[in-house]
Amino acid sequence: MTVVQTASPQDDPHADPGAWEATGRTHVGPAAGGRIVAVASGKGGVGKTVFAISLAHGLARMGRRVLLFDGDLGLANVDIQLGLLPEADLSAVTTGRIPLIEARLHHPEGDFDIVAGRSGSGTLATISPATLELLLEALREAAASYDIVVLDLGAGLERSVRRMAAFADTLLVLVTDEPTSLTDAYAVLKLHAADAPGADARVVVNLATDHAAGKRTFATLQRACRTFLGHTPALAGVVRRDEHVREVIRRQALLLARYPTSAAARDIEATARVVLTVS
Ligand SMILES: Nc1ncnc2c1ncn2[C@@H]1O[C@H](COP(=O)(O)OP(=O)(O)OP(=O)(O)O)[C@@H](O)[C@H]1O
Ligand SMILES: [Mg+2]
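Just so you know, these numbers come straight off a predicted model, no measurement behind them.

### Brief notes about unusual backbone geometry
And then number 1: Positive phi values are uncommon outside glycine, yet Leu-207 reaches one of about 60°.
And then number 2: The backbone of Gln-252 shows a phi angle near 55°, a positive value even though the residue is not glycine.
And then number 3: Looking at the secondary structure, you find Gln-252 in the loop between helix H9 (243–251) and helix H10 (255–258).
And then number 4: Overall, Gln-252 belongs to the partly exposed group, with 14 C-beta atoms counted inside 10 Å.

Here it is as structure tokens:
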């Protein structure tokens, strides 16, 4: 079980920029300044959460100050995948007990911060539009202390998922080669184009047999977008199917720490580099 602490002004590595330098990490390219990158899929179980965690870790390894925000309001599980025991979560924030900034945990091994979303009471699944707006406002404020915020979204296309996707600066839509995943990813892209016209949306193919197969999956989705939406999202990355992923989830560990040279780890790092180049 990973030991975590609630971030406080005393131990906040962001309070002292030198603390980040002391970690010995190197910056890759210009910092993106508080950009919010949401991870969506439509269909559930395609790997959003493990991808979001590994992306956050990959960006942290590239010297970025990263906040991973569990935006799956119904079935939050970033903390569970990482074996964390958060003292505070989003329900404490939405009920006004603590400000969002106090709900952060620092993941010592991954060197990124997390806001866990587990409500226990289920209140977050039925969050009101007004409360969601307050939460997003607080998130935007918190984002100013980071280079990138990675927002793990829930499956489906319900109102709060759509709103958070539209709120993000970049939307990454995870898709697999399953027809239901492709259809749902298309629906996410279509609704996103309506909710946030002109916003940056990119595709990540997960669970690909190899890179060529992943690119074919992307081409299928791209064709549908070109035909029916009149525009084509770019490909942000192809992540191969890799048994190490299941293994790290079982062990509640970080993929990029435990198996840094595995196929999925290298693919997610490559995707992180693409995410950094998006301005
Ligand atoms: N690249 C991969 N290779 C092998 N297995 C993977 C890969 N990506 C994800 N998985 C498997 O997919 C399963 C679902 O992953 P995860 O919980 O991250 O999906 P999700 O999209 O967040 O699900 P939900 O919609 O329920 O939130 C995991 O058990 C994991 O083992
Ligand atoms: Mg998930």
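### Brief notes about the nonpolar core
And then number 1: Among the nonpolar cores identified, the biggest contains 80 residues, and Ala-38, Leu-68, Val-150, Leu-151 and Val-173 are the most heavily contacted of them.
And then number 2: Per-element accounting of this core gives the leading share, eight residues, to helix H2 (residues 48–61).
And then number 3: For Leu-68, the residues in contact, after removing those within four places along its chain, are Ala-52, Ile-53, Ala-56, Val-78, Phe-112, Ile-114, Val-150 and Asp-152.

### Quick notes on the pairing of strand E4 (residues 104–107)
And then number 1: When E4 meets strand E5 (residues 112–115), the two strands line up antiparallel, connected through four bridges. The residue of E5 that forms the bridge with Arg-104 is Val-115.
And then number 2: Where E4 folds back on E5, the antiparallel hairpin that results is connected by four residues, among which Asp-111 adopts a positive phi of roughly 60°.

### Looking at the packing of helix H6 (residues 159–167) against helix H7 (residues 179–195)
And then number 1: The geometry of H6 relative to H7 is characterised by a closest axis approach of 10 Å and an angle of 65° between their N-to-C directions. The hand of the H6/H7 crossing is right-handed. Taking contact as the criterion, the partners of Arg-162, Ala-165 and Ala-166 in H6 are, on H7, Leu-191, His-192 and Asp-195.
And then number 2: Among the residues forming the contact of H6 with H7, the class breakdown is three nonpolar, one polar and two charged.

### What about the packing of H2 against helix H11 (residues 263–277)?
Each pair of packed helices can be described by the angle between their axes along with the distance between the axes.
And then number 1: Running from N to C, H2 and H11 point in directions that differ by 65°, and their axes come no closer than 9 Å. In terms of axis orientation, H2 runs roughly perpendicular to H11. Both H2 and H11 take part in a crossing whose hand is right-handed. Side by side, H2 and H11 meet where Phe-51, Ser-54, Leu-55, Gly-58 and Leu-59 of the first sit next to Ile-268, Glu-269, Thr-271, Ala-272 and Val-275 of the second.
And then number 2: Of the residues that constitute the contact of H2 with H11, the class distribution is six nonpolar, three polar and one charged.

### A short note on the site of ligand 1
And then number 1: Around ligand 1 sit 20 residues in total, of which Gly-44, Gly-47, Lys-48, Thr-49 and Ala-155 are the nearest.
And then number 2: If you list the elements that add at least two residues to the shell around ligand 1, you get H2, strand E8 (200–208) and H9.
And then number 3: Residues that form the shell around ligand 1 fall into these classes: nine nonpolar, six polar and five charged.

Quick notes on the rules
Residues numbered from 1 in each chain as written. Chains lettered and ligands numbered in written order. Predicted model: local features only at pLDDT ≥ 70, side-chain atom pairs only at ≥ 80, totals over all residues. Helix = DSSP H or I, 4+ residues; strand = E, 2+ residues; numbered from the N terminus. Buried ≥ 20, exposed ≤ 12 C-beta atoms within 10 Å, placed from the backbone. Core = buried A, V, L, I, M, F, W, Y, C linked by C-beta atoms within 7 Å. Contact = placed C-beta atoms within 7 Å. Pairing = 2+ DSSP bridges. Axes fitted to C-alpha atoms, helices over the stretch in contact; angles between N-to-C directions. Left-handed = near helix turned anticlockwise from the far one by under 90°. Nonpolar A, V, L, I, M, F, W, Y, C, P; charged D, E, K, R; others polar. Parallel < 35°, antiparallel > 145°, perpendicular 65-115°, else oblique. Near = placed C-beta within 6 Å.

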